[in-house]
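A look at the structure
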Amino acid sequence: MKNGKHNLYDDLKRQILTMELDPDQDLDEVGLGENYGLSRTPVREIFRRLEGEGYVEIRANRGARVSPMNHQTLRHFFLVAPMIYAAIGRLAVQNYKPQHLTDLKNTQERFRAASMVGDGLAMVLENNRFHEIFGEMTGNPYLQPSLGRLLIDHARIGHTFFRPRNDDMRQRLQLAVDHHDGFIAALASRDEDMVVDLVFEHWELSRENMELYIAPEGIKADTRNELPAASMEKQS
């Protein structure tokens, strides 16, 4: 059974990934301690752990806040994400253990089930877990932290992808499900080239979806020419 510390740690991660907590949002140390039955010391320990993983920032004399997303962080993200994902894919093929593949398959089934019923929060978390397992497959202590940090912003930027509003977005979501199946098949056959090809296909899909979130279609503006005729006559 989980204790208050584990619950607080898991809940904060979930709330950050699913954007229940906004980027830059201050974390109420006292309030969280009261809600989870913890003193300030274990709450601060969890903040430090989450800081090390990239979920929060701790500022001197100002407390902890959710890691920000701004122009600079987004630029860094888009520059390095495909390189790190490709390296992760190659090393995953070379180093994964059978249990990793079992975990990946189980996570994919939960992701598929969530996609079928439109459970956006579950899709965010299961998709994040799917890609975390790739990092674990590498067994590489240098790449795994970088992947973990990328996945935080990947989830936050792309969270609207898992709440499709039209047929095109639903088709994109199904393609993401298909990509996951492809990853599992390529890993099972130890096909490194296929995994890397899928990495870039999956990244391109993700990039397009994230761009839709960052720069959504503009609101149609009224112009003088679009005003009703009666209104135009009144103004003349």
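We now turn to the structure provided with this report. For clarity, every value in this text was computed on a predicted model and none was experimentally measured.

Once that is clear, we can look at a negative patch on the surface. Residues Asp191, Asp193, Asp197 and Glu201 make up a contiguous surface patch of negative charge. With respect to the element layout, Glu201 can be found in helix α9 (residues 192–214). With a relative accessible area of 45%, Glu201 lands in the partly exposed category.

Turning to its location among the elements, Thr138 is positioned in helix α6 (residues 120–138). Given a relative accessible area of 4%, Thr138 falls into the buried group. Separated by 3.1 Å, the side chain of Thr138 and the backbone nitrogen of Asn140 make a polar contact. Not counting residues up to four positions away in its chain, the partners in contact with Thr138 are Ile88, Leu91, Ala92, Asn95 and Gln144.

Below, the discussion takes up the nonpolar core. Counting 32 residues, the largest nonpolar core has Phe77, Tyr85, Leu104, Phe134, Met137, Leu187 and Val195 as its most contacted members. Residue assignment for this core shows that the elements contributing at least two residues are α4 (71–95), α5 (98–117), α6, α7 (143–157), α8 (167–188) and α9. Among the elements that make up this core, the one with the highest residue count is α4 (9 residues). Setting aside residues no more than four positions away along its own chain, Leu104 makes contact with Phe130, Ile133, Phe134, Met137, Ile184 and Leu187. Counting residues in each nonpolar core, the second largest holds 29 residues, with Leu32, Val43, Leu50 and Leu173 among its members.

So, how was this worked out
- Residues numbered from 1 in each chain as written.
- Predicted model: local features only at pLDDT ≥ 70, side-chain atom pairs only at ≥ 80, totals over all residues.
- Heavy atoms only, no water.
- Patch = residues over 30% accessible without salt bridge, like charges linked within 9 Å, V, L, I, M, F, W, Y side chains within 5 Å.
- Areas by Shrake-Rupley, 256 points an atom, 1.4 Å probe, with all protein chains shown as cover.
- Salt bridge = Lys/Arg side-chain N within 4 Å of Asp/Glu carboxyl O.
- Lys, Arg positive; Asp, Glu negative; His and termini not counted.
- Charge placed at Lys NZ, Arg CZ, Asp CG, Glu CD.
- Helix = DSSP H or I, 4+ residues; strand = E, 2+ residues; numbered from the N terminus.
- Buried < 20%, exposed > 50% of the residue type's maximum accessible area, 1.4 Å probe, protein only.
- Polar contact = N/O pair within 3.5 Å; in protein donor to acceptor, adjacent residues only side chain to side chain.
- Contact = heavy atoms within 4.5 Å.
- Core = buried A, V, L, I, M, F, W, Y, C linked by side-chain atoms within 4.5 Å.

Geometry only, nothing functional implied.
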